[in-house]
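Examining the three-dimensional arrangement
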Amino acid sequence: MFSKTADPTSAPPAAPRPSTGGTNSARSVLGADLRITGEITSTGLVEVLGEIDGNISAQGLIIGQEGRVTGSVRADTVEVKGRFDGKVSCHAFTLRSTASVTADVTTATLVIESGATIEGRFLKTKG
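About the criteria used
- Counting starts from 1 at the beginning of each chain's written sequence and moves along it residue by residue.
- Predicted model: local features are reported for residues with pLDDT of at least 70 only, side-chain atom pairs are reported and counted for 80 or more only, and whole-chain, interface and lining totals are derived from all residues.
- The basis for every side-chain value is the complete set of heavy atoms in the structure, and neither hydrogens nor water enter the calculation.
- To qualify as a nonpolar core, a set must consist of buried Ala, Val, Leu, Ile, Met, Phe, Trp, Tyr and Cys residues joined through side-chain atoms within 4.5 Å.
- Working definition: with a 1.4 Å probe on protein chains only, accessible area under 20% of the residue-type maximum means buried, over 50% means exposed, and in between means partly exposed.
- Numbering of helices and strands starts at the N terminus; helices are DSSP runs of H or I of at least 4 residues and strands are runs of E of at least 2.
- Here a residue-residue contact requires only that any non-hydrogen atoms of the pair lie within 4.5 Å.
- Within 3.5 Å is the distance limit for a polar contact, defined as a pair of N or O atoms, with the added protein rule that one can donate a hydrogen and the other accept it, and that residues adjacent in sequence qualify only through two side-chain atoms.

We now examine the nonpolar core. Of all hydrophobic cores here, the largest spans 24 residues; its most connected members are Ile56, Val73, Val78, Val80, Phe84 and Phe93. Contributions of two or more residues to this core are made by β3 (45-48), β4 (51-63), β5 (68-80), β6 (83-89), β7 (92-95) and β8 (100-107). Residues within four places of valine 80 in sequence aside, it is in contact with Ile63, Phe93, Thr94, Leu95, Arg96, Ala99 and Val101.

By the element assignment, threonine 94 lies in strand β7. Of the residues examined, threonine 94 reaches a relative accessible area of 15% and is grouped as buried. Each residue touching threonine 94, except ones within four places of it in the same chain, is listed here: Val78, Glu79, Val80 and Val111.

This brings us to the side chain of glutamate 47. With respect to the helices and strands, the residue glutamate 47 is situated in strand β3. A polar contact of 2.2 Å, which involves the side chain of glutamate 47, links it to the side chain of arginine 27.

In structure tokens, the structure reads:
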């Protein structure tokens, strides 16, 4: 019925975004200028560069060097470079040298770099 011929001066169509193959491939970055109070749920990775007061449920969580999270976290992997106060339930928990954590942690795998500070309890997951 209607058709449009290609305009030689127009830009070529955008290439399709490559798929990483999984449903958990999304990455959400919460910028340094954000302060969020509430609950965050994601099926992918959440990177916090600002401040979060509340609960986070995600496939993975990274708290950036200037990031701060206060609340409960449930994720497969958690990496802390900034500050975390609360409770964590995860499979793998990593504290980088710049991390400052006050938390009760339930995890199967734990990595603590020299220089990180931690106050709280560690429990190994059952199974």
